[in-house]
Amino acid sequence: MGIKKDNLNSLSEIIKDQIEKYEHNIDTTNVGQIVSVGDSIVTIYGLDEAMYGELIKFPNNQYGLVMNIEENSIGVALFSNDITLKEGDTCTRTGKVVSVPVGDALLGRVVNALGEPIDGKGEIKTSEYRATESLAPQIMDRQKVNEPLETGIKAIDSMIPIGKGQRELIIGDRQTGKTALAIDTIINQKGKDVICVYCSIGQKNSSLVQIVNRLNKFNALSYTVIVSAGASEGAPLQYLAPYSATSIAEYWMHKGKNVLIVYDDLSKHAVAYRTLLLLLRRSPGREAYPGDIFYIHSRLLERSCRLNKELGGGSITALPIVETQAGDISSYIPTNIISITDGQLFLSSEMFNAGQRPAIDSTLSVSRVGSSAQYKIMKDVSKNLRIELANYNEMLDFSRFGSDLDKATQKVLLHGEILLETLKQKQYMPLSLAQEVVDLYVAQVGLLDDINVENIHNVLKLLDNSIISKSNNLYEKINKTKEFTNEDKKLVEELLLTIKSSLKEEISSKDNEFDFRLNE
């Protein structure tokens, strides 16, 4: 039976309509194929348009970062374990860079290098993300660093002051108190409206747990974020961790807040980067580090600054930590980071072993911001401190020859010894500005020179208790006004003389329990 003409026309109209509506879309998804995989490094063929730093998606929702772009392949650093991937598996571009969650929801939390919680407190509820890599603020976007960041450590606040927006390197051999110095500074920010970010790179998990517990004990965890890429994590996550931590800090800086960030430590970060690029067959340079090892730290630390008032006036103060070998600060990584930062705190193993804690070597330590990041009250009580300690060290070397010393030399040695003892401070005991000023003042003017060195801290503790009990508002007044008037000095001197007088009466009736260097 033949098809009617009307039906034929209707069918042709339908076909014609379908042809007109046909969209000639070609799927141009860039798909690559894994050529080799091992040691968290994946070599891929086929992703010709992939960008450096782009995220690549693998099967089972695994992701990696493009680190190498060659003529016929790309090298990708995998963030997770590579045991599920095999040669021939396909992967695709995402067109995105690595981003981490940011915001107040991260406060009090411990996260990994990707911003995922690892503290067992549940998910982090935030809708804001920032790329881990971003350009450092331009010079015209910054303002002068002239507002002090109080560490609560006498030796630092008096001689090597740190300002908000400064990058101050903490450098020294292992087990000299570098991390302790940074943790004390975090603890001292309580009530000062400073948010803290602690980035742990290549540290043992047991060490991280101790730090978390210590911050929690001093109620410092509530204003702190901890970003961790432990020793058990792969090199890609250790490499990424400080950039993620900086992005988290930048969120608050651009909100006009002050942030303190600690990188513990960048020598392990450099080793992780070297491991990555050697696996990627990048050409090695000095000490087998790749040629751009300086750039990875400069682009990281330059993001820490103090923004101008037009941009909110927020700041990031960076305390990078670097470990030296046998006190050699002239090796490759330390000299690189010294040239990037605005000064360094050098911790001496000799001073540490001699019982000087914190073991800050004032001759090798420097703050390139200088006294502009100090309150005038602190400048006044510490202006001659470095010179007097330098004189003491010079005279100490001279006295070791065993020759007879004149009275002037003996006085310099005695006063220097008292100053060093005054600068000693126990861990987790940061002081307020007023307490530091009082301690430094009585030591500087020689009011402690007649007391035996072993008893200096007993006298300072008694003076502290006396001020709290008899003149409770003195500390509060100094902290608020940032002034130490002649009346305040006279009051402190009278209280100290009363303490010394009562102690002298006490030892006159006992067996020299409390030694004084009596001049009469």
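Presented here is an overview of the structure given in this document.

What counts and what doesn't
- Residues numbered from 1 in each chain as written.
- Predicted model: local features only at pLDDT ≥ 70, side-chain atom pairs only at ≥ 80, totals over all residues.
- Heavy atoms only, no water.
- Core = buried A, V, L, I, M, F, W, Y, C linked by side-chain atoms within 4.5 Å.
- Buried < 20%, exposed > 50% of the residue type's maximum accessible area, 1.4 Å probe, protein only.
- Helix = DSSP H or I, 4+ residues; strand = E, 2+ residues; numbered from the N terminus.
- Contact = heavy atoms within 4.5 Å.
- Axes fitted to C-alpha atoms, helices over the stretch in contact; angles between N-to-C directions.
- Parallel < 35°, antiparallel > 145°, perpendicular 65-115°, else oblique.
- Nonpolar A, V, L, I, M, F, W, Y, C, P; charged D, E, K, R; others polar.
- Phe/Tyr/Trp six-rings, centres within 6.5 Å; stacked < 30°, edge-to-face > 60°.
- Lys NZ or Arg CZ within 6 Å of the ring centre and 35° of its normal.
- Arc of directions from axis to C-beta.
- Polar contact = N/O pair within 3.5 Å; in protein donor to acceptor, adjacent residues only side chain to side chain.
- Left-handed = near helix turned anticlockwise from the far one by under 90°.
- Pairing = 2+ DSSP bridges.
- Right-handed = clockwise from strand over helix to strand, strands pointing away.

Below, the discussion takes up the nonpolar core. Grouped together as the largest cluster of nonpolar side chains are 69 residues, with contacts concentrated most on Ile186, Leu215, Val442, Leu448 and Leu463. Per element, the largest residue contribution to this core is 8 residues, and it comes from helix 13 (residues 433–444). Setting aside residues up to four positions removed in sequence, Leu215 forms contacts with Ile183, Ile186, Ile187, Ala220, Leu221, Thr224 and Ile226.

This part is about unusual backbone geometry. Note: most peptide bonds trans; most residues except glycine with negative phi. Cis peptide bonds are those with omega within 30 degrees of zero, and the linkage from Asp264 to Asp265 qualifies with -5°. Structurally, Asp265 can be placed in the loop between strand 13 (258–264) and helix 6 (266–279). Along the chain, Arg357 connects to Pro358 via a cis peptide bond; the corresponding omega equals -5°. Structurally, the position occupied by Pro358 is in the loop between helix 9 (349–353) and strand 16 (366–367). With a phi close to 55°, Asn61 is a non-glycine residue in the positive phi region. Locating Asn61 in the fold gives a position in the loop between strand 3 (54–58) and strand 4 (62–69). For Asn61, a relative accessible area of 56% corresponds to the exposed category.

Moving on, we come to the packing of helix 12 (residues 407–423) against helix 13. Packing of helix 12 against helix 13 leaves a shortest axis separation of 10 Å and a crossing angle of 170°. One finds that helix 12 runs roughly antiparallel with respect to helix 13. Residues His415, Leu419, Thr422 and Leu423 of helix 12 form the contact with helix 13, whose participating residues are Asp439, Leu440, Ala443 and Gln444. When the residues that make up the contact of helix 12 with helix 13 are grouped by side-chain class, the tally is 4 nonpolar, 3 polar and 1 charged.

The subject of this paragraph is the packing of aromatic side chains. One pass over the structure, following the stated rule, counts 6 aromatic pairs. Look at Tyr251 and Trp252: their rings are 5.8 Å apart centre to centre, the planes differ by 75°, and that puts the pair in the edge-to-face class. Taking relative accessible area as the criterion, Tyr251 reaches 13% and is therefore assigned buried. Of the residues examined, Trp252 reaches a relative accessible area of 1% and is grouped as buried. One aromatic cluster is present, built from ring pairs that chain together Tyr239, Tyr243 and Tyr273. The ring centre of Phe352 lies 3.8 Å from the NZ or CZ of Arg357, which sits over that ring. One cation-aromatic arrangement involves Lys482 over Tyr375; the distance from NZ or CZ to the ring centre is 5.1 Å.

What follows concerns the environment of Ser362. Structurally, Ser362 can be placed in the loop between helix 9 and strand 16. The residues touching Ser362, leaving out its near neighbours within four places in the chain, are Met159, Arg386 and Leu389.

Right, let's talk about helix 15 (residues 473–481) for a bit. Buried residues of helix 15: Leu474, Tyr475 and Ile478, and no others. The buried residues of helix 15 occupy one face: seen down the axis, they fall within an arc of 100°. In helix 15, the exposed positions angled more than 90 degrees off the buried face are occupied by Asn473, Glu476 and Lys480. Directly after helix 15, the chain includes Lys482, whose backbone phi takes a positive value near 60°.

One can find Gln374 in the loop between strand 16 and helix 10 (376–382). By relative accessible area, which is 11% here, Gln374 ends up buried. A distance of 2.9 Å separates a polar side-chain atom of Gln374 from the backbone oxygen of Ser158. Sequence-distant contacts of Gln374, defined by excluding residues within four places in its chain, comprise Pro148, Asp157, Ser158, Pro161, Lys379 and Ser382.

Moving on, we come to the packing of helix 7 (residues 293–301) against helix 8 (residues 332–340). Contact pair helix 7 / helix 8: the axes reach a minimum separation of 10 Å and the direction vectors enclose 35°. Considering how the two elements wind past one another, helix 7 and helix 8 form a crossing that is right-handed. Taking contact as the criterion, the partners of Ile293, Phe294, His297, Ser298 and Leu301 in helix 7 are, on helix 8, Tyr332, Ile333, Asn336, Ile337, Ser339 and Ile340. When grouped by side-chain class, the residues that make up the contact of helix 7 with helix 8 number 7 nonpolar, 4 polar and no charged.

Among the 8 residues that make up strand 11 (residues 194–201), 8 are buried, leaving the element largely enclosed by the rest of the structure. Note that strand 11 and strand 12 (residues 224–229) share 6 bridges and pair parallel. Considered in strand 12, the bridge of Cys199 is made with Val227. The parallel pair strand 11 and strand 12, bridged by helix 4 (residues 205–217), forms a crossover whose chirality is right-handed.

Moving on, we get to the sheet that holds strand 13. Paired through their backbone hydrogen bonds, the strands of a sheet run either parallel or antiparallel. One open sheet accounts for 8 strands, arranged 8-12-11-13-14-10-15-16; its pairing is mixed. Only two strands of the sheet have a single neighbouring strand rather than two, namely strand 8 (110–111) and strand 16. Direction of pairing for strand 10 (residues 169–172) relative to strand 15 (residues 343–347): parallel, over a ladder of 4 bridges. Counterpart to Gly172 in the pairing with strand 15 is Leu347.

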